[in-house]
Amino acid sequence: MKVLLVGGGGREHALAWKLARSPRLTRLYAAPGSAAIARLAECLPLKGSAAIVEFAARAGIDLTVVGPEAPLVEGLADALLARGLRVFGPTRAAAALEGSKSFAKEFMRRHGIPSAPFAVFDRIEAARAHIAEQPGPYVVKADGLAAGKGVSICANRADAVEALERMMVRREFGEAGARVVIEAFLPGEEASYFCISDGTGYVTFPACQDHKRIHDGDRGPNTGGMGAYCPAPILTPALERRVQESIVEPTLRGMAAEGRPYRGVLYIGLMIAGGEPRVVEYNCRFGDPECQPLMLMLESDLLELLLGAVEGRCATQRPRWRPGAAACIVMASAGYPGEYATGVPIHGLESLAENETCAVFHAGTALADGGWVTNGGRVLGVTAWDASLQAALAKGYALVGQMGWEGVSYRKDIGQKGIAKVRSVGPAGP
Ligand code: AMP
Ligand code: GLY
């Protein structure tokens with residue numbers, strides 16, 4: 001089976017690594033891929049949906065797997081389907097769960113899915129008046145895609161008005177900020193929950209926790225994610241059942257009923273407080289870096305799981321998960337999530353002992369004169385599986401210690417929330 005993977009970050013490196021192990025795979029292509037993905041797939045510099053569809057048709061691609069949200073929100077799946085090609089990833093209408101926060105919030109309200117109270121604004125005067133009436137803290141969100149930067153959590157009114165001005169007046173996120181959603185702040189602990197659906201049936205993944213802040217102890221500015229681990233014991237079996245019944249199933253039923261059946265991977269960002277799970281956000285893709293430890297936890301064939309969604313077989317799929325836990329530690333450039341240099345030589349990367357239970361996924365690297373150099377804010381995702389979360393972290397951090405570059409930064413406390421929770425409530429099962 002010929003597979004085309006769209007994307008080129010750490011998430012796609014992990015997907016390529018797992019797809020390459022599928023007994024059903026005959027050939028793997030990636031567009032654009034990366035220098036690291038090129039060791040697993042033939043990389044193609046295809047630009048835009050039309051070029052991807054053309055290539056998939058000409059090369060006889062059996063399945064296109066779309067990693068990032070932007071092409072899905074723009075309608076890449078629709079364009080492939082219109083040519084009779086198979087795709088793993090939602091249509092544009094279904095990807096609106098991520099592509100429009102106002103759509104997602106109104107959808108949740110229509111279907112009784114627990115989430116934060118909110119209001120939607122197209123005019124800044126009305127948004128300002130709303131803030132003047134509500135108590136803080138305020139969560140101000142650009143409606144459209146903003147590369148993960150469109151959410152501002154504001155402690156006071158002045159900051160909330162400043163966020164509104166950045167989005168609606170200065171248009172820092174372009175058209176994505178023409179409309180804003182203002183939400184009530186939800187306290188609690190976050191978890192990332194993933195399921196793959198064919199529109200009705202679904203298969204779930206072990207719950208994950210990301211580490212969004214740059215510094216240890218969840219301090220400093222937000223990033224794309226500095227590390228992740230799974231399974232996250234915060235999602236006890238009883239809570240997971242609640243998430244499925246009160247969130248996953250009404251979401252899939254509601255999308256089907258509204259003529260937007262959701263086929264692909266659905267990422268549900270959860271906030272959990274007092275035993276109550278609520279939706280903070282939906283995404284129409286795997287999380288990055290959550291995908292990296294999930295690929296190490298998955299023992300069975302990823303391609304089979306993705307095909308199950310395309311062929312309407314999710315309800316009968318029984319993926320095998322490894323026991324134990326997996327974790328990913330992100331190694332980032334100095335200065336990230338602000339400005340950072342690129343082209344800094346990375347040492348130690350070639351001599352690492354990688355295997356089925358520990359792998360280094362490249363988020364932002366390049367090859368220069370035969371050696372690896374940094375080429376992004378998040379550079380590497382060191383990912384390890386073991387029989388316990390402690391052991392997985394020990395294995396991962398041991399690998400982190402064997403490589404680096406000038407100015408490298410990483411969090412030293414990845415997974416510690418999970419370890420503390422295991423001590424208090426017992427281990428999570430995938
Ligand atoms: P989003 O892009 O909607 O996921 O928001 C990014 C991050 O902002 C989330 O992962 C949360 O950490 C935080 N966040 C978003 N909405 C809320 C909310 N209503 N209450 C508290 N935190 C939130
Ligand atoms: N790790 C957060 C995200 O992928 O959005």
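Definitions and cut-offs
Residues numbered from 1 in each chain as written. Chains lettered and ligands numbered in written order. Predicted model: local features only at pLDDT ≥ 70, side-chain atom pairs only at ≥ 80, totals over all residues. Heavy atoms only, no water. Buried < 20%, exposed > 50% of the residue type's maximum accessible area, 1.4 Å probe, protein only. Helix = DSSP H or I, 4+ residues; strand = E, 2+ residues; numbered from the N terminus. Pairing = 2+ DSSP bridges. Contact = heavy atoms within 4.5 Å. Arc of directions from axis to C-beta. Core = buried A, V, L, I, M, F, W, Y, C linked by side-chain atoms within 4.5 Å. Salt bridge = Lys/Arg side-chain N within 4 Å of Asp/Glu carboxyl O. Near = heavy atom within 4 Å. Polar contact = N/O pair within 3.5 Å; in protein donor to acceptor, adjacent residues only side chain to side chain. Areas by Shrake-Rupley, 256 points an atom, 1.4 Å probe, with all protein chains shown as cover. Nonpolar A, V, L, I, M, F, W, Y, C, P; charged D, E, K, R; others polar. Axes fitted to C-alpha atoms, helices over the stretch in contact; angles between N-to-C directions. Patch = residues over 30% accessible without salt bridge, like charges linked within 9 Å, V, L, I, M, F, W, Y side chains within 5 Å. Phe/Tyr/Trp six-rings, centres within 6.5 Å; stacked < 30°, edge-to-face > 60°. Lys NZ or Arg CZ within 6 Å of the ring centre and 35° of its normal.

Q: In this structure, what is going on with the pairing of strand E19 (residues 358–362)? I would like to understand it.
A: Side chains on a regular strand alternate between the two faces of the sheet. Across the five residues that make up E19, a large majority, five, are buried. Inspection of the sheet shows E19 paired to strand E22 (residues 378–386) by five bridges, in the antiparallel sense. From the neighbouring strand, Phe361 faces E22, where its bridge partner is Gly381.

Q: Is there a simple way to think about the environment of Tyr340 in this case?
A: Looking at where Tyr340 falls in the secondary structure, it is placed in the loop between strand E18 (325–332) and E19. The spatial distance from the C-alpha of Tyr340 to the C-alpha of Gly377 is 6.6 Å, given a sequence separation of 37 residues. Other than its neighbours up to four places away in sequence, Tyr340 contacts Ser333, Ala334, Gly376 and Gly377.

Q: Just checking my understanding: could you explain helix H7 (residues 124–133) for this structure?
A: Every α-helical turn comprises 3.6 residues, leaving residues that sit three or four positions apart pointing alike. When we look at burial in H7, the residues that qualify are Ile124, Ala127, His130 and Ile131. In an axial view of H7, the angular spread of the buried residues amounts to 120 degrees, which keeps them on one side of the axis. Opposite the buried face of H7, at more than 90 degrees from it, the exposed residues are Ala132 and Glu133. As for H7, its buried residues are in contact with strand E6 (118–121), strand E7 (138–142), helix H8 (157–169) and strand E9 (180–184).

Q: I keep staring at the nonpolar core and nothing clicks. Help me out?
A: Counting residues in hydrophobic clusters, the biggest one holds 75 residues, and the most contacted among them are Leu4, Leu97, Ile268 and Tyr282. Broken down by element, this core gets its largest block of residues, six residues, from helix H9 (residues 237–257). The residues contacting Tyr282, other than those within four sequence positions of it, are Leu97, Glu98, Ala104, Phe107, Met108, Ile113, Thr251, Leu266, Tyr267 and Ile268. Ranked by size, the runner-up nonpolar core spans 42 residues in total, among them Met295, Ala309, Cys314 and Ala359.

Q: Hey, could you run me through the pattern of salt bridges in this one?
A: Side-chain pairing between opposite charges can occur once the charged atoms of the two side chains come close. Counted according to the given criterion, the structure contains 32 salt bridges. Its salt-bridge partner being Glu162, residue Arg170 comes within 2.9 Å of it at the nearest N-O pair. Judged by relative accessible area, which is 35%, Glu162 ranks as partly exposed. Ionic pairing is found between Asp413 and Arg411, a salt bridge with its closest N-O pair at 2.8 Å. Given a relative accessible area of 16%, Asp413 falls into the buried group.

Q: Help me out: how do you make sense of the site of ligand 1 in this one?
A: Near ligand 1 you find 15 residues, and of these Glu183, Leu186, Glu190, Lys212 and Glu281 are the closest. Within the contact set of ligand 1, an oxygen atom lies 2.8 Å away from a side-chain nitrogen or oxygen of Lys212. Protein chains shield 90% of the accessible area of ligand 1, which is 470 Å² for the free molecule. Among the secondary structure elements, those contributing two or more residues to the shell around ligand 1 are E7, strand E8 (151–154), E9 and strand E17 (276–283). Residue composition of the shell around ligand 1, grouped by class: nine nonpolar, no polar and six charged.

Q: Would you take a moment to explain unusual backbone geometry for this structure?
A: Leaving glycine aside, a negative phi is the common case for residues, and trans is the common case for peptide bonds. Between Gly136 and the following residue, Pro137, the backbone shows a cis peptide bond with an omega angle of -10 degrees. The topology assignment puts Pro137 in the loop between H7 and E7. Positive phi, close to 55 degrees, is recorded for Asp218, a residue that is not glycine. Along the chain, Asp218 falls in the loop between strand E13 (213–215) and strand E14 (219–222).

Q: I would appreciate a short explanation of the site of ligand 2 in the present structure.
A: Around ligand 2, the structure places Asp210, Gly224, Tyr267, Arg285, Gly287, Asp288, Pro289 and Glu290. Taking Arg285, its side chain carries an N or O atom lying 2.9 Å from an oxygen atom of ligand 2. A distance of 2.8 Å separates a nitrogen atom of ligand 2 from a polar atom in the side chain of Glu290. Summarising the interface, the protein chains cover 89% of the accessible area of ligand 2, which totals 200 Å² for the free molecule. For the shell around ligand 2, the residue count by class is two nonpolar, two polar and four charged.

Q: How should I be thinking about the sheet that holds E22 in this particular structure?
A: Neighbouring strands of a sheet are bound in pairs by backbone hydrogen bonds; such pairs are parallel or else antiparallel. Sheet architecture is open: five strands sit in the order E12-E15-E18-E22-E19, paired in antiparallel fashion. Bordering the open sheet on either side are strand E12 (209–210) and E19, each of which pairs with just one other strand. Along the sheet face, helix H12 (residues 389–400) touches strand E15 (227–230), E18, E19 and E22 and points at about 30 degrees away from the line of E18.

Q: Sorry, what's going on with the sheet that holds strand E3 (residues 42–43) here?
A: Strand order in the open sheet made by the five strands is E3-E2-E1-E4-E5, with parallel pairing throughout. The strands lining the two open edges of the sheet, one partner per strand, are E3 and strand E5 (87–88). Taken together, the six bridges between strand E1 (residues 2–7) and strand E2 (residues 27–32) define a ladder with parallel strand orientation. Bridged to Lys2 within E2 is Arg27. Docked against the sheet, helix H1 (residues 10–19) engages E1 and E2, running at close to 165 degrees with respect to E1. Sheet strands touched by helix H2 (residues 48–59): E1, E2 and strand E4 (63–66). Its angle to E1, the strand with the most contacts, is close to 170 degrees.

Q: Teacher, can you tell me more about a nonpolar patch on the surface here?
A: A contiguous nonpolar patch, built from Val151, Ile153 and Phe185 and spanning about 260 Å² of accessible area, is present on the exposed surface. Tracing the backbone shows Val151 in strand E8.

Q: How should I be thinking about the packing of aromatic side chains in this particular structure?
A: How two aromatic rings sit relative to each other is set out by the distance from centre to centre and by the angle between their planes. Applying the stated criterion across every chain, the model contains nine aromatic pairs. Connected via pairs of aromatic rings, a cluster forms that spans Phe194, Phe205, Tyr267, Phe286 and Trp321. When the ring centre of Trp17 is taken as origin, the NZ or CZ atom of Arg21, which lies over that ring, is 4.0 Å away. When the ring centre of Trp385 is taken as reference, the NZ or CZ atom of Arg322 above it lies at 6.0 Å.

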